[in-house]
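Observations on the three-dimensional arrangement
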Amino acid sequence: MVLWQCHLPCFPSRRDPAPAELGLHGVPREIVPTADGESLVLWFAPPASGRPMILFLHGNAGSVADRAGRMAFYQSRSFGATFLSWRGHGGSNGRPTEAAWRFLAGAGVPPGRIGVMGEFLGTEVAALVPEAPFTAAVDLATRAYPWLPVRLLMRDQFRSRSRIGAVRAPLFILHGEVDTVIPFAFGQDPFALANTPETVVSLGPVGHEALAIPRLGARAPISSQRQSRLDPGPGAAHLCSAAPDEAPMTDAPFRPFDTHLDEAAALATLRTATDGADDGELFLERRRAEALVLDDGRIRQATYDASQGFGLRAVRGEVAGYAHSTEITETALRRASETARLAVGAGGGTLAPGPRGTNTRLYRPDDPMADAAFPVKIDLLREIDAHARALDPRVVQVSATLSASLQEVEILRPDGLRLADVRPMARLNVSVMIEEGGRREQGGSGIGGRHGLARLMAPATWKVQIAEALRIAQVNLGAVEAPAGVMDVVLGPGWPGILLHEAIGHGLEGDFNRKETSAFAGLMGKQIASKGVTVLDDGTIPDRRGSLSIDDEGTPSARNVLIEDGVLVGYMQDRQNARLMGVAPTGNGRRESFAHIPMPRMTNTYMLSGPDDPAGIVASLKDGIYAVGFGGGQVDITSGKFVFSCTEAYRVKNGVIGAAVKGATLIGDGATALKGIRAIGNDLQLDPGIGNCGKAGQWVPVGVGQPTLLIGGLTVGGAAA
């Protein structure tokens, strides 16, 4: 062990690919000489004008190739990035620190614009933004081998504590509270020894492998355990504070034909793929998303995800060829073209006219994640937790999730038409559990839409969600077992429209009807619902979760009437199914991402108001259930049969709302339920913006809505005798 001690802490990888093989384009692989005649492998991406350079020194395992995703993240924010491979890792065989610094000086990067980052062993050299640092390697060894005299035997002791006092640059320490490789206390000690503006950041209950920085360069830490002793300013302790006059970091817009592809060459490749086809397009996408989850007073999750890529489609008749890639290059595009082209075969098709253009924008193209810094979001979640507990001493658990995303889309058609859309999304969910007499019940509430996070972070918004979640939990605490049997049911307005969405919405999508697998196939123009029932799918409502300025084929979204006064008058169509059925596309061609082929999907599906007073509808119920909240459910598209569970429901007898019931399920089929509607309220509401819809393995955001409805003859499942 003594003889081989220098090898014990290292787990090098010889992997040494070109950066382009990992999707990093414009990043050369440099060979840098060292003072002792060895050489280092270095990846170098210059910064945009005015942006800082990050010198990154990786940890004791793997190589720079294993950190390609991190470099891509820095590039997407216009930072410069220099990734250096340690001696014996990924092609390098020299001492890295001085050589890297000389390389950057030779590249014209001034020292004042360099922020040094390091993981684990790298942090002994790079003491500015250390991840999971330690006081000394010998301290870790002593902890690992307490029975050995390691302080006498260990040659390379890497005593960070003796050097950190000499650091004069701002210091930003990251550490996970349940790191078992380098315990959290080992990061707290260097913080205490520092003589510089510093911040130590706890990432919550995460381990050693979870220390990727999701939002490097933000003006505030994720969760600051202690602010700087030397500088009370909120920004002085962070990497970006090296340039205090620098504007807050912004994400450059997604412009794939400026940064990745030559538009003329891409169009030529697309035309080759779709020559003789009926339709096709090149779909390019970048998506960024973050989510913060607080559970029981602790931040359980803080994630940031970024992805981009393209999908190329060629359609001939009922067959579609589709190929996608995360690598947006002309080489990858040509490979995809060859694959998609297989669906066209000998050709013979006539290219369908492209979608009409639109200047309509249903939401602002702003990044919702930029509405607040991470610590502000963390503080909000903690305030939600405290507020919920203060409202009712019976609260034993609070969960809150704040999430946001930005999807940027560009579509290129074979006729040269280019379309683009920038789609924000934000969502807040709150769940509260209360306990009394040994019984625990839970309630939840959420709100969201295509807008910024600021709207959700306003106290007037989140306090309402807490109050609603707590109300539902309190109701369920006194709930009795639901009855079972066939009975009349009143559905409340808004979110109960999820039953409408599942029971009949999917059955009105064009592909199921073209293939005659829907319960509503062949019924166009027929009375399929009670008089007065009018159902729409409307993707044109501003800021709604299911709305789209254009769909994922470039067709503008529309307000499509599906059922009018009980008569089936329309289906939801994408371009392929519309062409095959001889009708116009309706703006319902949707896909989960660039890795998925488009298909007919709902947007915001709802029933219009009727003439009846909601209170009168409930008063007319002789013996049944009043259901105002729903959880999960499932439907069989062919038969239309559905099963839904109620999260909030009440027993009603002789028009009087009685006790809350638990465990109620509603069972029926869409065709029968539509004809069983006996009363339609005048209180149409849309859901609060929390819906997701799954189909064929793809998930997309949707909206639902309805007025109060009375439906006769539904089967209610329950446990009451």
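Parameters and conventions
Numbers given to residues run from 1 along each chain, matching the order in which its sequence is written. Local features in this predicted model are restricted to residues whose pLDDT is 70 or higher, and side-chain atom pairs enter the listing and the counts only when it is 80 or higher, whereas totals over whole chains, interfaces and linings include all residues. Based on all heavy atoms of the structure, the side-chain values leave hydrogens and waters out of the count. Segments assigned H or I by DSSP are reported as helices when at least four residues long, segments assigned E as strands when at least two residues long, and all are numbered from the N terminus. Contacts are residue-level and defined by heavy atoms, with any inter-residue pair within 4.5 Å sufficient. Per-residue and other accessible areas follow the Shrake-Rupley method at a 1.4 Å probe size, with only the shown protein chains counted as cover for residues. The term salt bridge refers to a side-chain nitrogen of Lys or Arg lying within 4 Å of a carboxyl oxygen of Asp or Glu. When accessible area is computed with a 1.4 Å probe and restricted to protein chains, residues below 20% of their type maximum are described as buried, those above 50% as exposed, and intermediate ones as partly exposed. Each aromatic pair joins two rings of Phe, Tyr and Trp (for Trp, the six-membered one) with centres within 6.5 Å, and gets the label stacked for planes under 30 degrees apart, edge-to-face for over 60, and tilted for any other angle. By definition here, charges over rings are those cases where NZ of Lys or CZ of Arg is within 6 Å of the ring centre and within 35 degrees of the ring normal. Axis definition: a line fitted to C-alpha atoms, limited for helices to the stretch in contact. Angles are taken between N-to-C directions and run from 0 to 180 degrees. Reported orientations rely on four angle classes, namely roughly parallel under 35 degrees, roughly antiparallel over 145, roughly perpendicular from 65 to 115, and oblique for the rest. Left-handed is the label given to a crossing in which the near helix is rotated counterclockwise from the far helix by less than a right angle, and right-handed is the label when the rotation is clockwise. Classification used: nonpolar for Ala, Val, Leu, Ile, Met, Phe, Trp, Tyr, Cys and Pro, charged for Asp, Glu, Lys and Arg, polar for all others including Gly. Think of a nonpolar core as a cluster: buried Ala, Val, Leu, Ile, Met, Phe, Trp, Tyr and Cys residues, connected wherever their side-chain atoms sit within 4.5 Å. A 3.5 Å cut-off defines polar contacts: any pair of N or O atoms within that distance qualifies, except that in protein one atom must be a possible hydrogen donor and the other a possible acceptor, and neighbouring residues in sequence count only when both atoms are side-chain atoms. Think of the arc as the fan of directions from the helix axis to the C-beta atoms. At least two DSSP bridges between two strands are required for those strands to pair. Confidence of the predictor at the level of single residues is captured by pLDDT, which takes values from 0 to 100.

Things to note about the overall build of the protein
- Helix and strand counts for the protein stand at 16 helices and 34 strands.
- Across the protein, contacts joining residues at least 24 apart in sequence account for 74% of those joining residues at least 6 apart.
- Here the protein displays about 28700 Å² of accessible surface, and carbon together with sulfur accounts for 55% of that area.

Section: the pattern of salt bridges
- Within the structure shown, the criterion is met by 35 salt bridges.
- Between E408 and R288 there is a salt bridge, and its shortest N-O distance comes to 3.1 Å. Separated by 120 residues along the polypeptide, E408 in strand β15 (residues 395-412) and R288 in strand β12 (residues 279-295) bring together distant segments of the chain.
- Using a relative accessible area of 7% as the deciding quantity, one classes E408 as buried.
- Note that R394 and D392 form a salt bridge whose closest N and O atoms lie 2.9 Å from each other.
- Overall, D392 belongs to the buried group, its relative accessible area being 6%.

Section: the packing of aromatic side chains
- Taken as a whole and judged by the stated rule, the model has 4 aromatic pairs.
- Their ring planes at 85° and their centres at 6.2 Å tell us that F630 and F644 sit as a pair that is edge-to-face. With a gap of 14 residues between them, F630 in strand β26 (residues 623-635) and F644 in strand β27 (residues 641-653) connect regions that are remote in the sequence.
- Overall, the relative accessible area of 5% leaves F630 in the buried class.
- Ring pairs connect the aromatic residues F630, F642 and F644, which therefore count as one cluster.
- One cation-aromatic arrangement involves R450 over Y363; the distance from NZ or CZ to the ring centre is 5.4 Å.
- Across the ring face of F283, the terminal group of R591 is positioned such that the distance to the ring centre comes to 4.0 Å.

A few points about the packing of helix α9 (residues 374-391) against helix α11 (residues 459-477)
- At their nearest, the axes of α9 and α11 sit 10 Å apart, and the two run at 45° to each other. Considering their axes alone, α9 and α11 lie oblique with respect to each other. Here the hand of the crossing between α9 and α11 comes out right-handed. Residues L380, E383, I384, H387, A388 and L391 of α9 pack against W462, K463, I466 and L470 of α11.
- Of the residues assigned to the contact of α9 with α11, the class counts are 7 nonpolar, 1 polar and 2 charged.

Focus: the nonpolar core
- W43, F83, L381, I384 and V432 are the most contacted members of the largest nonpolar core, which totals 48 residues.
- One finds I504, F642, I677 and L709 within the second-largest nonpolar core, a separate group that totals 43 residues.

As for the environment of S557
- Inspection of the secondary structure puts S557 in the loop between β20 (535-538) and β21 (559-564).
- Not counting residues within four places of it along the chain, the set of residues in contact with S557 comprises L362, G539, T540, L548, S549, I550 and G587.
- A polar contact of 3.0 Å, which involves the side chain of S557, links it to the backbone oxygen of G539.

As for helix α8 (residues 330-340)
- Considered for burial, the residues of α8 that qualify are A332, L333, A336, S337 and A340. Along the axis of α8, the buried residues cluster in a sector spanning 140°; they form a single face.
- Elements in contact with the buried residues of α8: α7 (263-274), β12, β13 (298-316) and β14 (319-325).

Focus: the pairing of β27
- Of the strand pairs in this sheet, β26 and β27 are connected by 10 bridges, and their pairing is antiparallel. Paired with Y626 across the bridge in β27 is Y650.
- Between the antiparallel neighbours β26 and β27 lie 5 residues, among them G640 with a positive phi of about 80°.
- By the bridge criterion, 5 bridges tie β27 to strand β29 (residues 665-669) in an arrangement that is antiparallel. Considered in β29, the bridge of F642 is made with G668.
- Where β27 lies against strand β28 (residues 656-662), 4 bridges are found, and the strand directions are antiparallel.

Topic: the sheet that holds strand β17 (residues 439-449)
- Pairing is antiparallel in the open sheet, where 6 strands are placed in the order β14-β13-β12-β15-β16-β17. Each having just a single partner strand, β14 and β17 make up the two edges of the open sheet. On average, adjacent strands in this sheet sit at an angle of 20° to one another, irrespective of strand direction.
- In this sheet, β15 lies alongside β12 in antiparallel orientation, the contact comprising 14 bridges. Considered in β15, the bridge of D295 is made with S399.

Quick look at the side chain of T274
- In this fold, T274 is placed in helix α7.
- Using a relative accessible area of 5% as the deciding quantity, one classes T274 as buried.
- If sequence neighbours within four positions are ignored, T274 has contacts with D279, G280, R313, A314, R341 and P414.

Quick notes on the packing of α7 against α8
- The interhelical angle for the contact between α7 and α8, taken along N-to-C directions, is 10°, at an axis separation of 9 Å. One finds that α7 runs roughly parallel with respect to α8. The segment α7 lies against α8, with A265, A266, T269, T272 and A273 engaging E330, L333, R334 and S337.
- Tallied by class, residues from the contact of α7 with α8 come to 4 nonpolar, 3 polar and 2 charged.

Focus on the side chain of H506
- If you trace the backbone, H506 turns up in the loop between α12 (497-505) and α13 (510-514).
- Setting aside anything within four residues of it in sequence, one finds H506 in contact with H501, F512, M602, I637, C693, G694 and K695.

Description of the confidence of the model for the protein
- With 74% of its residues at a pLDDT of 70 or more, the protein shows a mean pLDDT of 83.
- Across residues 94-98 the pLDDT falls below 50, and counting only partners more than four positions away or on other chains, this stretch makes 12 contacts in the model.
- Predicted confidence is poor over residues 119-127, with pLDDT under 50, and the contacts of this stretch with residues over four places away or in other chains come to 41 contacts.

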